[in-house]
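# Reading the structure
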Amino acid sequence: MRKKLNKLETKEVLEILKNLYPDAKSELNFTNPFELLIATILSAQSTDKRVNSITKDLFKEYKTPKDFLSLTTEELGEKIRSIGFFRNKSKNILSTCKILLEDYDGEVPKTREELIKLPGVGRKTANVVISNAFGKDAIAVDTHVFRVSNRIGIVKAKNVDETENQLMKNIDKDLWSDAHHWLIFHGRRICKARSPKCSECPLTNHCLYYKNVIQKEG
DNA sequence: AACTCGGGGCA
DNA sequence: TGCCCAGAGTT
């Protein structure tokens, strides 16, 4: 079995991805922690584009947990219907707003332990909020980051926790946020879950997936 | 670990 | 039509 790439090799791989996606960044560029939290809850199993299509109007009218709590789950649900899972998300968002208002004086908590207890907030969403609003001290691992990191060998992990730990260990902290976005862009554009475009990928020489699956098929 | 929630975009 | 989507919660 091939071992995962070391820190220097990982750095080289990330440099290649950086050049491939020079302007990789999230379209969910909210600086307000509350807006970022809500937008990130909404983004689960959806896309940034869809979330952005509704948050602009939503945040114009509803800016605080208290504002959101003036809505019923049915009313909020109608406003976010187009992104999918709208009943769950509406219910979770209002429950989260209630907790923010009652337990955190309307503010967004800054630790993962607190964030992850909020309804609709899992490890990934908590890390997005931390890494984009609170000190950047986290790498958010979504399905793309997990899949791409393992395929190209910068981690060898069987779950999200291991992926997160190995990435943080092998990547300099000042690159965490950028690396997150490079990996996601690569996952969406080339290193797709099914039918990856390996012929367009500059990392096939590093790639365990290419070595073990694609080449054997060919 | 497997299952459910889901409407909309796109081929 | 069928496939897919920057996850989370429950069992």
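Residues numbered from 1 in each chain as written. Chains lettered and ligands numbered in written order. Predicted model: local features only at pLDDT ≥ 70, side-chain atom pairs only at ≥ 80, totals over all residues. Heavy atoms only, no water.

### Digging into empty space enclosed by the protein
Under the criterion given, the structure shown has one cavity of 30 Å³ or more. Here the largest cavity is characterised by a volume of approximately 70 Å³. If you go around the largest cavity, the residues you meet are Arg151, Ile152, Ile190, Cys191, Pro196, Lys197, Cys198, Cys201, Thr204, Cys207, Tyr209 and Tyr210. Tallied by class, the residues present in the lining of the largest cavity amount to nine nonpolar, one polar and two charged. (1 Å grid on protein atoms, 1.4 Å probe; cavity = no way out; pocket = protein on both sides within 12 Å on 5 of 7 lines; lining within 4 Å. Points joined across faces, edges and corners; volume = space filled by probe spheres on them. Nonpolar A, V, L, I, M, F, W, Y, C, P; charged D, E, K, R; others polar.)

### Some words on the side chain of His206
Note on placement: His206 falls in the loop between helix H11 (176-189) and helix H12 (208-217). Overall, the relative accessible area of 13% leaves His206 in the buried class. The residues touching His206, leaving out its near neighbours within four places in the chain, are Arg2, Leu5, Val13 and Ile152. (Helix = DSSP H or I, 4+ residues; strand = E, 2+ residues; numbered from the N terminus. Buried < 20%, exposed > 50% of the residue type's maximum accessible area, 1.4 Å probe, protein only. Contact = heavy atoms within 4.5 Å.)

### Observations concerning the protein's contact with DNA strand C
Around DNA strand C, 23 residues are found, and the nearest of them are Asp48, Thr125, His144, Ile184 and Arg188. Sugar and phosphate atoms represent 62% of those atoms of DNA strand C found within 4 Å of the protein. At 3.5 Å, a backbone N or O of Glu27 approaches a base nitrogen of DNA strand C. Counting only elements with at least two residues in the surface near DNA strand C, the list comes to helix H3 (48-61), helix H8 (123-133), helix H9 (143-151) and H11. The element contributing the most residues to the surface near DNA strand C is H8, with three residues. Taken together, the residues of the surface near DNA strand C sort by class into five nonpolar, nine polar and nine charged. (Near = heavy atom within 4 Å. Polar contact = N/O pair within 3.5 Å; in protein donor to acceptor, adjacent residues only side chain to side chain.)

### Description of the protein's contact with DNA strand B
Taken together, the neighbourhood of DNA strand B is formed by Gln45, Arg50, Arg81, Ser82, Ile83, Gly84, Phe85, Phe86, Arg87 and Asn88. The greatest single-element share of the surface near DNA strand B, amounting to three residues, is contributed by helix H6 (residues 86-103).

### Considerations on the environment of Leu94
Residue position: Leu94 is located in helix H6. Here Leu94 falls in the buried class, since its relative accessible area comes to 9%. Spatially, the C-alpha atom of Leu94 lies 9.4 Å from that of Ser70, the residues being 24 residues apart in sequence. Ignoring sequence-local partners within four residues, the contact set of Leu94 consists of Phe68, Leu69, Leu71, Thr72, Thr73 and Leu76.

### Comments concerning the UniProt feature "binding site: [4Fe-4S] cluster" (unreviewed entry) in chain A
Per the UniProt record, the feature "binding site: [4Fe-4S] cluster" (unreviewed entry) sits at Cys191, Cys198, Cys201 and Cys207. Spatial clustering of the annotated residues is evident: they stretch over 17 residues in sequence, but the largest pairwise C-alpha distance comes to 10.4 Å. Of the annotated set named above, Cys191, Cys198, Cys201 and Cys207 line the largest cavity. A relative accessible area of 15% means that Cys201 is categorised as buried. If we ignore the near neighbours within four places in the chain, the residues touching Cys201 are His186 and Ile190. (UniProt positions renumbered as here; feature names shortened; annotations may be inferred.)

### Re the pattern of salt bridges
Applying the stated criterion across every chain, the model contains eight salt bridges. Between Lys7 and Asp172 there is a salt bridge, with its nearest N and O atoms 3.3 Å apart. Of this pair, Lys7 sits in helix H1 (residues 7-20) while Asp172 sits in the loop between helix H10 (160-170) and H11, and the two are 165 residues apart along the sequence. Here Lys7 falls in the partly exposed class, since its relative accessible area comes to 40%. For Asp172, a relative accessible area of 35% translates into the label partly exposed. Linking Arg123 and Glu164 is a salt bridge whose minimum nitrogen-to-oxygen distance equals 2.6 Å. With Arg123 in helix H8 and Glu164 in helix H10, this residue pair connects regions lying 41 residues apart in the sequence. Here Arg123 falls in the partly exposed class, since its relative accessible area comes to 23%. (Salt bridge = Lys/Arg side-chain N within 4 Å of Asp/Glu carboxyl O.)

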